[in-house]
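Remarks on the overall topology
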Amino acid sequence: MLLEARHPTGEMIIGAGAFHGTGPMIHAVNPATGENMDPGFAGATPSDVARACALAAEAFPTYRETSLEVRARFLESIADEILALGDALIERVMAESGLPRARLEGERGRTCGQLRLFAQVVRAGDFLDVRIDPAQPDRLPMARPDLRLRNIAIGPVAVFGVSNFPLAFSGAGGDTASALAAGCPVVVKAHSAHPGTSALVASAIRTAIEASGLPEGVFSMLFGTGGDVGAALVADPRIKAVGFTGSRGGGVALMQIAAARKEPIPVYAEMSSINPVLLFPGALAARGEEIGKSFAGALQLGAGQFCTNPGFVIAIDTPDVANFVKGACAAIDGGAAQTMLTPSIHAAYDRGVEALAGHEDVTTLVRGAQPTGPNQARTGLFEVKADSIGSEPGLLHEIFGATSLMTRVRDVDQLRDLLVDIEGQLTISIHMEESDHDAVATLLPVMEEKAGRILVNGFGTGVEVSHAMVHGGPFPATSDSRTTSVGTLAIRRFLRPVCYQDMPQSLLPEALRADNPLGLWRMSDGMMGRD
């Protein structure tokens, strides 16, 4: 392993080399103490960005045609190398994020788990979506040519590290894992909140590349303050797609850069969501106080720093709503303030809560305990009349942290009207009993148009990495509602189909040859099989 693997030295990785940048210096800040951490990481220059993209483009023709087994073993090797970093990785992430050990050990497990899951996807080969329509030379009135389709990797991908998931959504996170699984080299722009963590993970990937005998340009990691490095990365003509999780402003800015290129490219951005929680009368009557307590737990989890945090509660107004409020307030009242990820995130949270609490139509239901240290945030639950939301849509802007807004509606019709007017969401949670089924059924079509995941009697803060998971949704939840950034379908973002017509067998890719040497499940003349 590189020296960086155990003790960050402030270097970025461009291909096989580790370099000290010459751009503006970045220091991680320990959010629990407010102190700068060593070492400093100098940002990349335009020439550094160009070098990383050039190496990625050079590696692409070879890497995209690596055998499925080699690529799968490479993904598994990354997971092994991350685990080999041991406690040094966990301690660095704790210091840079303020997150507790148990949470980060779980996140490391998720990171390695999704790499291994994508290795399974690669071995199975179904992501190639092989389709074969054999020639029909005698078909009348016109013969059919031999048509064979497979998916290929789209090209080098730019990935942006994430503040709230330093492992699972950053250097070796879901975007990187799915792009590498598809056969795309990756250039990561590390998040400035956790440069040391990013450097450690990059060293693990670098070691896996060397052990797998892959081209050096399969992975690079750059640092940079502000937006210059990220903008240069997205604008580079060798980059063919972008994976981003962050603010709406940041995501839209990258979308505009990508759209203005001579060759526009897709930006898969996960951005803003308030994840409505719908409370129906039967559920409120049966267990309103219990729902309130569970809601408060989901709201406060990780200081509310989840993209699926329950930021908006809509209750059909009955006397039992009081039980929900009672349970939620009891669980929040006096609850300890929690350290947020960075000083800037904490400052933005405080501004958002202050604006919400100061709004003339908003009532404060409960606040958590006052902060006792730097960068700590108080939980908040507020209430507003539903009629006020229509005239003040800004009330439903996301506040990233443990604050939620509640409203009450007269009936199902008013609830439908409110759902129609809200923006796209990652999740909508429904709390219901059997007596509520008819009402929920009338609203499901609207919910399907508004969210990527609809869940019952729970909260969206648990995102399973699996085959059926959708972590996406209509704008502004994401930039492309057809995709997911979590789960095995995430690989589809970095693939495109190619059809081969009347291609001689000797020139066909192995996946499309008549004898099916890879043993893939394929669609032949509309029927699935291994023939």
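Parameters and conventions
- Residues numbered from 1 in each chain as written.
- Predicted model: local features only at pLDDT ≥ 70, side-chain atom pairs only at ≥ 80, totals over all residues.
- Heavy atoms only, no water.
- Pairing = 2+ DSSP bridges.
- Helix = DSSP H or I, 4+ residues; strand = E, 2+ residues; numbered from the N terminus.
- Axes fitted to C-alpha atoms, helices over the stretch in contact; angles between N-to-C directions.
- UniProt positions renumbered as here; feature names shortened; annotations may be inferred.
- Buried < 20%, exposed > 50% of the residue type's maximum accessible area, 1.4 Å probe, protein only.
- Right-handed = clockwise from strand over helix to strand, strands pointing away.
- Contact = heavy atoms within 4.5 Å.

As named in an unreviewed UniProt entry, the protein chain is Aldehyde dehydrogenase domain-containing protein, taken from Sphingobium yanoikuyae ATCC 51230.

Another point: the sheet that holds strand S24 (residues 522-524). The sheet built from five strands is open, its strands ordered S23-S8-S7-S24-S25 with mixed pairing. Looking at the sheet topology across the chains shown, the edges are occupied by strand S23 (495-501) and strand S25 (527-529). Adjacent strand axes in the sheet meet at a mean angle of 25°, parallel and antiparallel pairs treated alike. As defined by bridge partners, S24 adjoins S25 across three bridges and the pair is classed as antiparallel. The partner of Ser524 across the bridge, within S25, is Met527.

It is worth spelling out the UniProt feature "domain: Aldehyde dehydrogenase" (unreviewed entry) in the protein chain at this point. The sites that UniProt annotates as "domain: Aldehyde dehydrogenase" (unreviewed entry) are residues 25-430. The span residues 25-430 shows a helical share of 45% and a strand share of 19%, and its end C-alpha atoms are spaced 47 Å apart.

With seven of seven residues buried, strand S21 (residues 425-431) is to be regarded as a mostly interior element. Here S21 runs beside strand S22 (residues 451-456); their pairing, made up of five bridges, is parallel. From the neighbouring strand, Ile430 faces S22, where its bridge partner is Val456. Viewed along the sheet, the connection from S21 through helix H14 (residues 437-450) into S22 turns out right-handed.

As a further point, take the sheet that holds strand S20 (residues 403-409). In spatial order, the strands read S17-S19-S20-S15-S14-S21-S22; together these seven strands make up an open sheet with mixed pairing. In this open sheet, the two edge strands, each paired with only one partner strand, are strand S17 (362-367) and S22. Ignoring strand direction, the axes of neighbouring strands in this sheet form an average angle of 20°.

Taken together, the buried positions of helix H3 (residues 87-97) are Leu89, Ile90, Arg92, Val93, Ala95, Glu96 and Ser97. Check the buried side of H3 and you find it contacts strand S4 (29-30), strand S6 (41-42), helix H2 (68-84), helix H4 (101-124) and helix H6 (195-212). One or two steps after H3, the chain reaches Gly98, where phi turns positive at roughly 75°.

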